[in-house]
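These are the residues of each chain, in order.
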Amino acid sequence: MRGLLEVEAATASSAAAAVPGLLNGAVDWWSDLNESPLWQDRIFQALAVLYGLVSAVALVQLIRIECRVPEYGWTTQKVFHFLNFLVNGVRSMVFVLRRNVQLIQPEILQHVLLDMPGLAFFTTYALLVLFWAEIYYQARAMSTDGLRPTFYWINAVVYAIQIILWLVLWWKPVRVMVILSKMFFAGVSLFAAFGFLLYGGRLFLMLQRFPVESKGRRKKLQEVGYVTTICFSCFLIRCVMMCLNAFDKAADLDVLNHPILNFFYYLLVEIVPSTLVLFILRKLPPKRGITQYHPIH
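The text that follows walks through the structure, step by step, so that each part is easy to find.

Rules behind the numbers
Residues numbered from 1 in each chain as written. Predicted model: local features only at pLDDT ≥ 70, side-chain atom pairs only at ≥ 80, totals over all residues. Heavy atoms only, no water. Helix = DSSP H or I, 4+ residues; strand = E, 2+ residues; numbered from the N terminus. Buried < 20%, exposed > 50% of the residue type's maximum accessible area, 1.4 Å probe, protein only. Areas by Shrake-Rupley, 256 points an atom, 1.4 Å probe, with all protein chains shown as cover. Salt bridge = Lys/Arg side-chain N within 4 Å of Asp/Glu carboxyl O. Phe/Tyr/Trp six-rings, centres within 6.5 Å; stacked < 30°, edge-to-face > 60°. Axes fitted to C-alpha atoms, helices over the stretch in contact; angles between N-to-C directions. Parallel < 35°, antiparallel > 145°, perpendicular 65-115°, else oblique. Left-handed = near helix turned anticlockwise from the far one by under 90°. Contact = heavy atoms within 4.5 Å. Nonpolar A, V, L, I, M, F, W, Y, C, P; charged D, E, K, R; others polar. Core = buried A, V, L, I, M, F, W, Y, C linked by side-chain atoms within 4.5 Å.

## Regarding the overall build of the chain
Broken down by element type, the chain carries 9 helices and 0 strands. Along the chain, helices (α) and strands (β) appear in the sequence α-α-α-α-α-α-α-α-α when read from the amino end. In the chain, buried positions account for 42% of the 297 residues. By element, 71% of the accessible surface of the chain is carried by carbon and sulfur atoms, the whole surface being about 16,200 Å².

Structure, rendered in structure tokens:
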């Protein structure tokens, strides 16, 4: 019995000694992958290709809509697809040149190139919130006169504050200003998330009150529900990640040696949501009677 206990103790000791080795091996593998210039380039190139595909899809959809209803000018739907094409196209170019971007001086220009597409992404999807808000207000026989000016003012204030933060960061590049800039971006993302929850949720509940026997009305209900969930989730994830990014150097997205983190972050907060929303909103507007598609003045 004593010999058996000794054997079991020796086996347990060997297993315990092997655990740190396995953990160290996993950590070394993760570090080696992050520090490898080859893998960094491959991951950033993969992101560039994915963004390029999303940009191309948005452009094709924009062309299809323009061919379908050229007489209506720049409708909300057309502007939404154009901004998707622009944002994803710029992101693709930034990741193609990611290693060169890291060498740009002064450093503030790196922040502008990496953060500006994120602001444009906010504007793109805020436009979708505006579209839903107009539908909701019109259905409730409420005035929509103040919606568009509010949309423009919100975007103007967001861009103005961000530009001021960049200028201050350029003048005094201290850690506190970097944190403040990232926390502002997190706040903007949280604001967008609740915008989708508020107006997407209101529109969804309003549509639920109507009979959904017709196929078209049922599809519209599903469309609003899916897009609201997707956009709320992506902006909420962005908010959480930007908070971590601001205070934890291990979660820094603005460096070359965190390619895996960059891949999953941009996949979750921009590429997958954009792809799903473009797929859900792929239906072309009817040739006549599209009063729900408002031109941008």
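Let us keep going from here.
## Let's talk about the pattern of salt bridges
Under the defined criterion, the tally for this structure stands at 6 salt bridges. Of the charged contacts, one joins Glu-270 and Arg-91 as a salt bridge, the two residues approaching to 3.0 Å between their closest N and O atoms. Separated by 179 residues along the polypeptide, Glu-270 in helix H9 (residues 259-280) and Arg-91 in helix H3 (residues 76-96) bring together distant segments of the chain. Among the residues examined, Glu-270 registers a relative accessible area of 0% and is labelled buried. Here Lys-220 makes a salt bridge to Glu-223, at a shortest N to O gap of 3.0 Å. Placement of the pair is Lys-220 and Glu-223 together in helix H8 (residues 215-247), with a separation of 3 residues, close to one helical turn. The exposure class of Glu-223 is buried, given its relative accessible area of 17%. One network of salt bridges, with partners in common, ties together Arg-91, Arg-238 and Glu-270.

## Comments concerning the packing of aromatic side chains
Any aromatic ring pair is given by two values, namely how distant the centres are and how the planes are angled relative to each other. This structure, assessed with the given rule, holds 18 aromatic pairs. Between Phe-80 and Tyr-125, the aromatic rings sit 5.3 Å apart at their centres with planes inclined by 85°, giving edge-to-face as the arrangement. Of this pair, Phe-80 sits in helix H3 while Tyr-125 sits in helix H5 (residues 108-139), and the two are 45 residues apart along the sequence. Given the relative accessible area of 4%, Phe-80 is considered buried. Look at Tyr-125 and you get buried, because its relative accessible area is 1%. Where Tyr-136 meets Tyr-137, the ring centres are 6.1 Å apart and the plane angle is 70°; that geometry is what we call edge-to-face. Under the relative-accessibility criterion, Tyr-136 is labelled buried at 9%. A relative accessible area of 15% means that Tyr-137 is categorised as buried.

## Examining the packing of H3 against H5
One can describe the packing of H3 onto H5 by two numbers: an axis separation of 9 Å at closest approach and a directional angle of 165°. By the angle between their directions, the pair H3 and H5 is classed as roughly antiparallel. The way H3 lies across H5 gives a crossing that is left-handed. The residues of H5 that touch H3, namely those facing Thr-76, Val-79, Phe-80, Leu-83, Asn-84, Val-87, Val-90, Arg-91 and Val-94, are Leu-113, Leu-114, Pro-117, Gly-118, Ala-120, Phe-121, Thr-123, Thr-124, Tyr-125, Leu-127, Leu-128 and Phe-131. The residue inventory of the contact of H3 with H5, partitioned by class, reads 15 nonpolar, 5 polar and 1 charged.

## With respect to unusual backbone geometry
Residue Pro-106 follows Gln-105 across a cis peptide bond; omega there is 0°. Along the polypeptide, Pro-106 turns up in the loop between helix H4 (98-101) and H5. Even without a glycine there, the phi angle at Ala-141 is positive, about 55°. Relative to the helices and strands, Ala-141 is located in the loop between H5 and helix H6 (147-171).

## Some details on the packing of H5 against H9
It is at 12 Å that the axes of H5 and H9 come closest, and there the two elements cross at 30°. When the axis of H5 is compared with that of H9, the two are roughly parallel. Between H5 and H9 lies a crossing of left-handed hand. Contacts from Gly-118, Phe-121, Tyr-125 and Leu-128 in H5 reach Val-269, Glu-270, Ser-274 and Val-277 in H9.

## Some words on the nonpolar core
Of all hydrophobic cores here, the largest spans 65 residues; its most connected members are Tyr-125, Leu-128, Trp-132, Phe-196, Val-227, Phe-235 and Val-277. The set of elements that each furnish at least two residues to this core consists of helix H2 (37-68), H3, H5, H6, helix H7 (175-209), H8 and H9. Looking at which element gives the most residues to this core, the answer is H5, with 15 residues. Residues contacting Phe-196, with those up to four places away along its chain left out, are Tyr-125, Leu-128, Val-129, Trp-132, Gly-201, Thr-228, Cys-231, Phe-232 and Phe-235.

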